[in-house]
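In case you want the letters, here they are:
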Amino acid sequence: MKKNRLLTAVALVALFPLTTLADECELVIEGTDQMSFSAKKMTAPASCETVKVTLKHTGSLAKDMMGHNWVLTRKDDMQAIIKAGAAAGLDNDYLPQGDDRIIAATEVIGGGETAEVEFSTADLQGEKLTFFCSFPGHSGMMKGSFEVK
Ligand code: ZN
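The paragraphs below set out a description of the structure included in this document. All figures in this text were calculated on a predicted structure; none of them were measured in a lab. (Residues numbered from 1 in each chain as written. Predicted model: local features only at pLDDT ≥ 70, side-chain atom pairs only at ≥ 80, totals over all residues. Heavy atoms only, no water.)

We now examine the coordination of the zinc ion. Protein-derived coordination of the zinc ion comes from Gly67 (O), His68 (ND1), Cys133 (SG) and His138 (ND1), at a distance range of 2.1 to 2.6 Å. Each of the four donor atoms around the zinc ion contributes to a set of angles spanning 77 to 129°, which defines the coordination as irregular. All donors of the zinc ion belong to a single chain; written as a sequence motif, their spacing is G-H-x64-C-x4-H. On the accessibility criterion, Cys133 (1% relative accessible area) is buried. For His138, a relative accessible area of 2% translates into the label buried. (Donors = N, O, S within 2.8 Å, 3.2 Å for Na, K, Ca; no water. Tetrahedral: all angles 85-135°; square planar, octahedral: opposite > 155°, others 65-115°. Buried < 20%, exposed > 50% of the residue type's maximum accessible area, 1.4 Å probe, protein only.)

This is the structure:
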């Protein structure tokens, strides 16, 4: 009995660091009816093989009125993606389809909805990255820096 308890304690100590690492690789950001994100800066440890970003729309407006997505590109690619995204329309989540300048992107969601995207950070360390919402007119307020370090 005593021996079993000791083994359980050892197992918990061994698992704890893994749990901590997994949490650091899962980021959550919120979008609001006031056309804002809850963060201006996001950071992921380079030790993450993949990062999962969850976007929660905490407002109540529909996605054709106040839709939000979470898009990640290199800083220099942002404006071109926004322009092409506006032309692509809501049916394409305001993003040019199949464009490899888009590192990661969620679908466009409305109030009360949640979207997730998971992506590899293998080649992103040291890159100047920007996240933004590609809904027309939103990226002026809804953008921030993303760093893998
Ligand atoms: Zn938006």
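That was the structure; now back to the text.
On the surface, a cluster of positive charge is made up of Lys40, Lys75, Lys128 and Lys143. By relative accessible area, Lys128 is classed as exposed at 63%. (Patch = residues over 30% accessible without salt bridge, like charges linked within 9 Å, V, L, I, M, F, W, Y side chains within 5 Å. Areas by Shrake-Rupley, 256 points an atom, 1.4 Å probe, with all protein chains shown as cover. Salt bridge = Lys/Arg side-chain N within 4 Å of Asp/Glu carboxyl O. Lys, Arg positive; Asp, Glu negative; His and termini not counted. Charge placed at Lys NZ, Arg CZ, Asp CG, Glu CD.)

Attention now moves to a negative patch on the surface. Together, Asp23, Glu24, Glu26 and Glu118 make up a region of like negative charge exposed at the surface. With respect to the element layout, Glu24 can be found in helix α1 (residues 2-24). Residue classification places Glu24 among the partly exposed positions, given a relative accessible area of 38%. (Helix = DSSP H or I, 4+ residues; strand = E, 2+ residues; numbered from the N terminus.)

Let us now look at the sheet that holds strand β4 (residues 71-74). The five strands lie next to each other as β2-β8-β7-β4-β5, forming an open sheet whose pairing is mixed. Of all the strands in the sheet, just β2 (41-44) and β5 (104-105) have a single pairing partner and so form its edges. The pairing of β4 with strand β7 (residues 129-132) spans four bridges and is antiparallel. For Thr73, the partnering residue across the bridge sits in β7 and is Thr130. Taken strand by strand, helix α3 (residues 78-88) contacts β4, β7 and β8 (143-148), and its axis lies near 30° from that of β7. (Pairing = 2+ DSSP bridges. Contact = heavy atoms within 4.5 Å. Axes fitted to C-alpha atoms, helices over the stretch in contact; angles between N-to-C directions.)

With that settled, the discussion passes to α3. Along α3, the positions that sit buried rather than exposed are Met78, Ile81, Ile82 and Gly85. Axial view of α3: buried residues confined to an arc of 100°, hence all on one face. Residues Gln79, Lys83 and Ala87 are exposed on α3 and point more than 90 degrees away from its buried face. (Arc of directions from axis to C-beta.)

Considering all chains together, one arrives at one disulfide under this definition. A disulfide bridge connects Cys25 with Cys48, and the sulfur atoms are separated by 2.0 Å. When the S-S torsion is -90°, as for the bridge of Cys25 with Cys48, the disulfide is left-handed. Residue Cys25 is located in the loop between α1 and β1 (26-31), and its partner Cys48 is located in the loop between β2 and β3 (50-57); the two are separated by 23 residues in the primary sequence. By relative accessible area, Cys48 is classed as buried at 4%. (Disulfide = S-S within 2.5 Å.)

Let's shift gears to the sheet that holds strand β6 (residues 114-120). Where strands meet in a sheet, backbone hydrogen bonds hold them as pairs that are either parallel or antiparallel. The mixed open sheet is built from three strands, whose spatial order is β1-β3-β6. Two strands in the sheet have a free side with no partner beyond their single neighbour: β1 and β6. For this sheet, the mean inter-axis angle between neighbouring strands, taken without regard to orientation, is 20°. Sheet topology note: the β1/β3 ladder contains six bridges and is parallel. Residue pairing in the sheet places Glu30 in a bridge with Lys56 of β3.

In short, geometric facts, not functional conclusions.
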